[in-house]
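# Structural features, examined
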Amino acid sequence: MYSDYDSILQRLNQGRLWDFHGGVHPPELKSLSNQKAIETITMPKTLHVMVKQHIGVEGGLLVKEGDRVLKGQPLSHSTNPFSVPVHAPTSGYIRHIGPHVSAHPSGLPELAIEITTDEFETWAPLNPILDYQQKPKSKIVEAICNAGISGMGGAGFPTHIKSSPKKNVEFLIINGVECEPYITSDDRLMREHAWQIRQGIDILVHLLAPKLVIIAVEDNKPEAIEAMQVACQENAKYRVVAIPTKYPAGGEKQLIQILTNREVPGNGLPIDVGVIMQNVGTCFAIADAIFTGTPLIRRVVTLTGQAFKRPQNVWAPIGTPISHLLEIGQYKAHKQRDRKLIMGGPMMGFEIVDDQVPVVKITNCILAPSANEIQAPGAEQPCIRCSACADACPASLLPQQLFWHSQAKEYEKANELNLFDCIECGACAYVCPSEIPLVHYYRVAKADIRTQEQEKAQADKARLRFEARKERLEREQKEREEKHAKAAEARRKAMSEKGNDAKDKIAAALARAKAKKQANSAQLESQQASPQKAQTSEASEAPQTANNSKQDKVAAAIARAKAKRAAAKEAAVKEANPASEDSNTGIKETDANKAPTTSDVVPEAPAKAANSNKQEKVAIAIAKAKAKREAIKQAQQAETAKTVAATETALKTTPVTDEQQQLQTEDVHQEKSEPTAKQKAIAAAIAKAKAKKLANAKPAASPSVEKQISTEKNSEQPEVANDELQTSQQPEKLTAAQIRKQKVEAAVAKAREQNRIAKLKRAEKAAKKPSSSTADKDES
């Protein structure tokens, strides 16, 4: 039946307690060591600090071999909530870090830090928290954890976890029962350091805020009870309760049952029933850590047994070899038949396998019994099923059945019988008449089961990792495939887009090439057909309006050329008959056909030549003729050039017929070549006249005239002189009309010849540079 707080408080006020099942009453034998105060021993030369000294996992190392460490310096750090650090008990050097025989019944080596101590005991900087009530609780819990404090009653549970529960705490029980025979470390600690223990209780009360604090002490420790009552009398919430001496009343579950009548579940914790339990040694360490900043580097160890000459309690630094403690207690080996050293009490302790086993945080006693003090266990006998073990079991188990299953390694069945509820108090073995070391079998079974569970846990973890890895690989493979598929799709899409672009580009290039080819073909055709186009095709394809305008221009040019030709002919006629002009007294001859009238006066020249004024007139006429001829010549050249250019331009752009073009060309070139032809004709006429003159041997003209004519002939105007001579000779051979006809025929013949030559040259030129000419025409 679950007892409530009020009923419990009422029973406590009445001085009535509850009892637990089973239990035994072995000899106490505490007087061997509880008569002397706790002594401080000399520091050993070598300390072996085990990295793991509690329930949970070991912390991470902070030092390496060769490092110098100071007293109180942390050697490891907490890596998870179920680990607490260890500290250097004194100053010195790290000599070795490696396996060392452990404080375990098996003696299996565990990781340890070997420190070579010096004599200085130099402290590391300490950080006390004097005003802890003003600090956050998490800060206090952290300080407790950093001080490396774990349960010092034997279990070694991390204290900082028990100091920060997530459930409400009704009872804070301070365990000072120390029910194990021989052990008196807590007894002496309460006697000598009750005030500091109470300070530790105050800190826990600040953290846990319980309704009631119960300091439980067995009634066989009256001095400790009195000391704690004195220390706690000022606080009404603190109750110092003396409980009956009965083994194992100091067990956690048993003590809770005695004080509150509440049973802790098999797989549960005391907090499940509203209780938190701490050892008095743990309270002392908490106060030491908070008020002085000192980590847990020492503890009280009881050196007891008749094999010790000086059994006592000592402050043993953590890591002190048992051999050093044996020297302190003046161990007498001859008092034992066989070397037998027990760490802990005779009921729950275990025999160490080597005296180099170090002191750990849960080491509370080193027992060296004499040969007559503790009888050696006899030979193991078969179980007689007396059930005495079951009657003595405080956990209400079936020890004989657990023994059978453990011996047969039927661990599943042992588990079904709540093997792990066994507190290994040894009461069953103590009462067993068959001398069966039952606790030994239970410990082996528990160790094997833990090993199997660890292996199973590791296998499960490995399986989970394998499955997770397999799942991850499959997921990654799937992601890669999806990624590759997307990339392939993107590439295909990009390639298709590029392909379309390429096709478009190719099509555009082909179109451009085709257009360019067509343009080149058209250009080539145009170049090939350019001469004809310039004459026929272009004219026919040109707009009709342009043709009309061009034809008009051509007609105008032809008219101007004709007019200029007529003017030139008239001027030539005038030049050929200067006398008629000079003698003209008002009559102007406009028709060239009237020139023979001028020639009619030519026969009169020899008559006039005798006249003295005739020479002057002739000179004047020659001068006028020269000036006029020069002016006409220049005007004709300019006009001819303009006409030729206009005609050529019109011919290029205007569709004209071949006849027109021929006519224009003949006219132009006739105009260009007329002076030269005329000269040649005159020269030919002069030559003929000279030849006829010589042949006819007719009387020559007057010497003055001939001289004048010869002078003129030698001068720069041979034409005039020739004309004069011709004029003077023509009446003898040819008429004026015949002479003019001859001149015209000669000029026409020359013009035709020159026209023909020019056409050949143009054709040749066009054949050589068709492209350039075509380009020039196009540009023009």
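Scoring rules and cut-offs
Residues numbered from 1 in each chain as written. Predicted model: local features only at pLDDT ≥ 70, side-chain atom pairs only at ≥ 80, totals over all residues. Heavy atoms only, no water. Helix = DSSP H or I, 4+ residues; strand = E, 2+ residues; numbered from the N terminus. Buried < 20%, exposed > 50% of the residue type's maximum accessible area, 1.4 Å probe, protein only. Pairing = 2+ DSSP bridges. Axes fitted to C-alpha atoms, helices over the stretch in contact; angles between N-to-C directions. Contact = heavy atoms within 4.5 Å. Phe/Tyr/Trp six-rings, centres within 6.5 Å; stacked < 30°, edge-to-face > 60°. Expected span 1.5 Å × (residues − 1). Polar contact = N/O pair within 3.5 Å; in protein donor to acceptor, adjacent residues only side chain to side chain. Salt bridge = Lys/Arg side-chain N within 4 Å of Asp/Glu carboxyl O. Core = buried A, V, L, I, M, F, W, Y, C linked by side-chain atoms within 4.5 Å.

### Considerations on unusual backbone geometry
Omega for the bond connecting Tyr-247 with Pro-248 falls within 30 degrees of zero, at -5°, which places this linkage in the cis form. Position of Pro-248 among the secondary structure elements: in the loop between strand 10 (238-243) and helix 7 (252-260). At Leu-29, a residue that is not glycine, the phi angle is positive and equals roughly 55°. Mapped onto the secondary structure, Leu-29 falls in the loop between helix 1 (5-14) and strand 1 (39-40). Look at Leu-29 and you get partly exposed, because its relative accessible area is 35%. Of note, Ala-209 is a non-glycine position whose phi angle comes to about 50°, a positive value. Residue Ala-209 is classed as partly exposed on the basis of its relative accessible area, which comes to 48%.

### Some details on the sheet that holds strand 8 (residues 171-176)
Strand order in the open sheet formed by four strands is 10-9-8-11, with parallel pairing between adjacent strands. Sheet topology places strand 10 and strand 11 (275-279) at the edges, where each strand pairs with a single neighbour. Pairs of neighbouring strands in the sheet enclose a mean axial angle of 25°, with direction left out of account. Note that strand 8 and strand 9 (residues 212-218) share six bridges and pair parallel. Looking at strand 9, one finds that Gly-176 is bridged to Val-217. Taken strand by strand, helix 7 contacts strand 8, strand 9, strand 10 and strand 11, and its axis lies near 120° from that of strand 8. Across the sheet, helix 8 (residues 280-291) lies against strand 8 and strand 11, angled at about 80° from strand 11, the strand it touches most.

### Here's the deal with the packing of aromatic side chains
Enumeration over the complete set of coordinates arrives at six aromatic pairs. An angle of 35° between the planes, with centres 5.2 Å apart, marks the rings of Tyr-5 and Phe-171 as tilted. You can see Tyr-5 sitting in helix 1 and its partner Phe-171 sitting in strand 8, a full 166 residues away along the chain. What makes Tyr-5 buried here is its relative accessible area of 17%.

### What about helix 8?
Three or four residues apart is the spacing at which side chains of an α-helix point the same way, because the helix has 3.6 residues per turn. A rise of 1.5 Å per residue sets the reference length of helix 8, with its 12 residues, at 16 Å; its end C-alpha atoms lie 16 Å apart and thus fit the reference within 8%. Counted residue by residue, helix 8 has 11 buried out of 12 residues, so it is predominantly covered. Buried within helix 8 are the following residues: Val-280, Gly-281, Thr-282, Cys-283, Phe-284, Ala-285, Ile-286, Ala-287, Asp-288, Ala-289 and Ile-290. For helix 8, the capping residue at the N-terminal end is Asn-279, with a side-chain oxygen 2.7 Å from the backbone nitrogen of Gly-281.

### What about the pattern of salt bridges?
Going through the model one piece at a time under the given rule, you end up with 26 salt bridges. For Lys-71, the salt bridge identified is with Glu-121, shortest N-O distance 3.1 Å. Of the two residues, Lys-71 sits in the loop between strand 4 (68-69) and strand 5 (76-77) while Glu-121 sits in the loop between strand 7 (109-117) and helix 2 (137-146), which places them 50 residues apart along the sequence. Of the charged contacts in the structure, one is a salt bridge between Asp-187 and Arg-191, with a shortest N-O distance of 3.1 Å. Residue Asp-187 and its partner Arg-191 are both found in helix 4 (residues 185-192); the two are separated by four residues, about one turn of the helix. Residue classification places Asp-187 among the buried residues on the basis of a relative accessible area of 2%. Residues joined by salt bridges that share partners form a network here, namely Lys-456, Asp-460, Arg-463 and Glu-467.

### A look at the sheet that holds strand 6 (residues 92-101)
Pairing is antiparallel in the open sheet, where four strands are placed in the order 2-7-6-4. Only two strands of the sheet have a single neighbouring strand rather than two, namely strand 2 (46-50) and strand 4. Bridging between strand 4 and strand 6 involves two bridges; their strand directions are antiparallel. For Arg-68, the partnering residue across the bridge sits in strand 6 and is Tyr-93.

### Overview of the pairing of strand 8
Burial runs high along strand 8: six of the six residues are buried. Along strand 8, one buried face is formed by Phe-171, Ile-173 and Asn-175 and the opposite face, lined by Leu-172, Ile-174 and Gly-176, is buried too.

### Regarding the nonpolar core
Nonpolar side chains in soluble globular proteins tend to be buried together. Core analysis: the biggest nonpolar cluster contains 46 residues, and Ile-174, Ile-197, Ile-201, Ile-215, Met-228 and Ile-290 have the highest contact counts within it. Broken down by secondary-structure element, the contributors of at least two residues to this core are helix 2, strand 8, helix 4, helix 5 (194-208), strand 9, helix 6 (222-232), strand 10 and helix 8. No other element matches the eight residues that helix 5 contributes to this core. The contacts of Ile-197, once residues within four sequence positions are left out, are Leu-189, Met-190, Met-228, Val-280, Cys-283 and Phe-284. Core analysis: the second largest hydrophobic core is formed by 29 residues, Val-24, Ala-249, Val-264 and Val-275 among them.

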